[in-house]
Amino acid sequence: MKLYIDTANVADIREMAWLIDGVTTNPSLVSREKRPFAEIIAEICGIVDGPVSAEVTAIDAPEMVAQARELSKIDKNVVIKIPMTIAGMQAVKTLSGEGIRTNVTLAFSANQALLAAKSGASFVSPFVGRIDDVGGDGMGVVAEILDIYQTYGFSTEVIVASVRHPRHVIEAALLGADIATVPNDVLKKLFCHPLTDIGVERFLKDWEGVPK
Ligand code: G3P
């Protein structure tokens, strides 16, 4: 399973660049950085040699397509994030015909993911954390999407998004998701286990008793 970082913060991206396979951003993450959007995306593309999702903010399809064409000029690795709406899927279809890769975002059901794939999306992003937040089963939705994509041979890759804790990453990997996009704080937690800390501490203490 590929790991992306879910942030627009270039310091976090530099810190994890050795590990990650790509980057996802969204308007909320970009707004925290207080810098021009295109400048941030260009800098990220200079750090990570993998897909970098940049989201459109238009509502109607022609304007989404226009924004997508401009964003895709920034770098060959830019993937256009488009919300799961009828207009969004019309834009995805047009962009797919132009060879511009898309990541369909704000997906909360298997039907939405089916429509994203049929529209020609390169990636789909089910938001597992937000589904769980409202009492749903985020990973159940991911399982349904993977099952449907396998049955029909869709090449759309599934990005498990809205990841909130390490268990989400384990479950994404167990289900065979293509990618999990993970905030930096959760990425760091993946390395950790209390028994590792206790073990390191004990080894170092015992090492003090070895004659030097
Ligand atoms: O980037 C999209 C998604 O990962 C957002 O996550 O935590 O805002 O639901 P969250």
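So, here's what we can say about the structure. (Residues numbered from 1 in each chain as written. Predicted model: local features only at pLDDT ≥ 70, side-chain atom pairs only at ≥ 80, totals over all residues. Heavy atoms only, no water.)

1. Observations concerning the side chain of Asn26
Part 1 of the argument: Relative to the elements of secondary structure, Asn26 occurs in the loop between strand E2 (22–24) and helix H2 (27–31).
Part 2 of the argument: Its relative accessible area of 14% is what places Asn26 among the buried residues.
Part 3 of the argument: At 3.0 Å, the side chain of Asn26 and the backbone nitrogen of Ser28 are in polar contact.
Part 4 of the argument: Setting aside residues no more than four positions away along its own chain, Asn26 makes contact with Glu55 and Lys81. (Helix = DSSP H or I, 4+ residues; strand = E, 2+ residues; numbered from the N terminus. Buried < 20%, exposed > 50% of the residue type's maximum accessible area, 1.4 Å probe, protein only. Polar contact = N/O pair within 3.5 Å; in protein donor to acceptor, adjacent residues only side chain to side chain. Contact = heavy atoms within 4.5 Å.)

2. As for helix H9 (residues 166–175)
Part 1 of the argument: Along H9, the residues classified as buried are His168, Val169 and Ala172. For H9, the angular spread of the buried residues around the axis is 100°, confining them to a single face.
Part 2 of the argument: As for H9, its buried residues are in contact with strand E1 (2–6), helix H7 (128–133), helix H8 (138–152), strand E7 (157–160), strand E8 (179–182) and helix H10 (184–190).
Part 3 of the argument: Backbone geometry just after H9 places Gly176 at a positive phi near 85°. (Arc of directions from axis to C-beta.)

3. Things to note about the sheet that holds strand E6 (residues 123–126)
Part 1 of the argument: As summarised here, the arrangement of the eight strands in space is E1-E2-E3-E4-E5-E6-E7-E8, forming a closed barrel in which the pairing is parallel. Each adjacent strand pair in this sheet contributes to an overall mean axis angle of 30°, direction not counted.
Part 2 of the argument: Looking at chain direction, strand E4 (residues 78–83) and strand E5 (residues 102–107) are connected through four bridges and run parallel. Residue Ile80 lies in a different strand from E5, and its bridge partner there is Thr102. (Pairing = 2+ DSSP bridges. Axes fitted to C-alpha atoms, helices over the stretch in contact; angles between N-to-C directions.)

4. Re the side chain of His168
Part 1 of the argument: Along the chain, the position of His168 falls in helix H9.
Part 2 of the argument: Aside from chain neighbours lying at most four places away, what touches His168 is Val128, Gly129, Asp132, Met139, Ser162 and Val163.

5. A word on the layout of surface pockets
Part 1 of the argument: There is about 370 Å³ of room inside the largest pocket.
Part 2 of the argument: Lining the largest pocket are 20 residues; nearest its centre among them are Asp6, Asn26, Leu29, Arg32 and Pro183.
Part 3 of the argument: Looking at the lining of the largest pocket, the elements with two or more residues in it are H2 and H10.
Part 4 of the argument: When its residues are assigned to classes, the lining of the largest pocket shows six nonpolar, six polar and eight charged. (1 Å grid on protein atoms, 1.4 Å probe; cavity = no way out; pocket = protein on both sides within 12 Å on 5 of 7 lines; lining within 4 Å. Points joined across faces, edges and corners; volume = space filled by probe spheres on them. Nonpolar A, V, L, I, M, F, W, Y, C, P; charged D, E, K, R; others polar.)

6. Side note on a nonpolar patch on the surface
Part 1 of the argument: Together, Trp18, Leu190 and Phe191 line one region of the surface with nonpolar side chains, adding up to about 360 Å² of accessible area.
Part 2 of the argument: What makes Leu190 partly exposed here is its relative accessible area of 33%. (Patch = residues over 30% accessible without salt bridge, like charges linked within 9 Å, V, L, I, M, F, W, Y side chains within 5 Å. Areas by Shrake-Rupley, 256 points an atom, 1.4 Å probe, with all protein chains shown as cover. Salt bridge = Lys/Arg side-chain N within 4 Å of Asp/Glu carboxyl O.)

7. Observations regarding the packing of aromatic side chains
Part 1 of the argument: According to the stated counting rule, one finds four aromatic pairs in the structure shown.
Part 2 of the argument: Both rings, one in Tyr149 and one in Phe154, keep their centres 5.6 Å apart while their planes meet at 70°; by these two values the pair is edge-to-face.
Part 3 of the argument: Centroid distance Tyr152 to Phe154: 6.4 Å. Interplanar angle 45°. Geometry classified as tilted.
Part 4 of the argument: In this structure Tyr152 comes out as exposed when scored by relative accessible area, which is 61%.
Part 5 of the argument: Members of the aromatic cluster, connected to one another through ring pairs, are Tyr149, Tyr152 and Phe154. (Phe/Tyr/Trp six-rings, centres within 6.5 Å; stacked < 30°, edge-to-face > 60°.)

8. Some details on the pattern of salt bridges
Part 1 of the argument: Scanning the model with the defined rule gives 10 salt bridges in all.
Part 2 of the argument: A salt bridge links Glu157 to Lys2; its shortest N-O distance comes to 3.0 Å. One end of the pair, Glu157, is in strand E7; the other, Lys2, is in strand E1, with 155 residues separating them in the sequence.
Part 3 of the argument: Classification of Lys2 as partly exposed rests on a relative accessible area of 34%.

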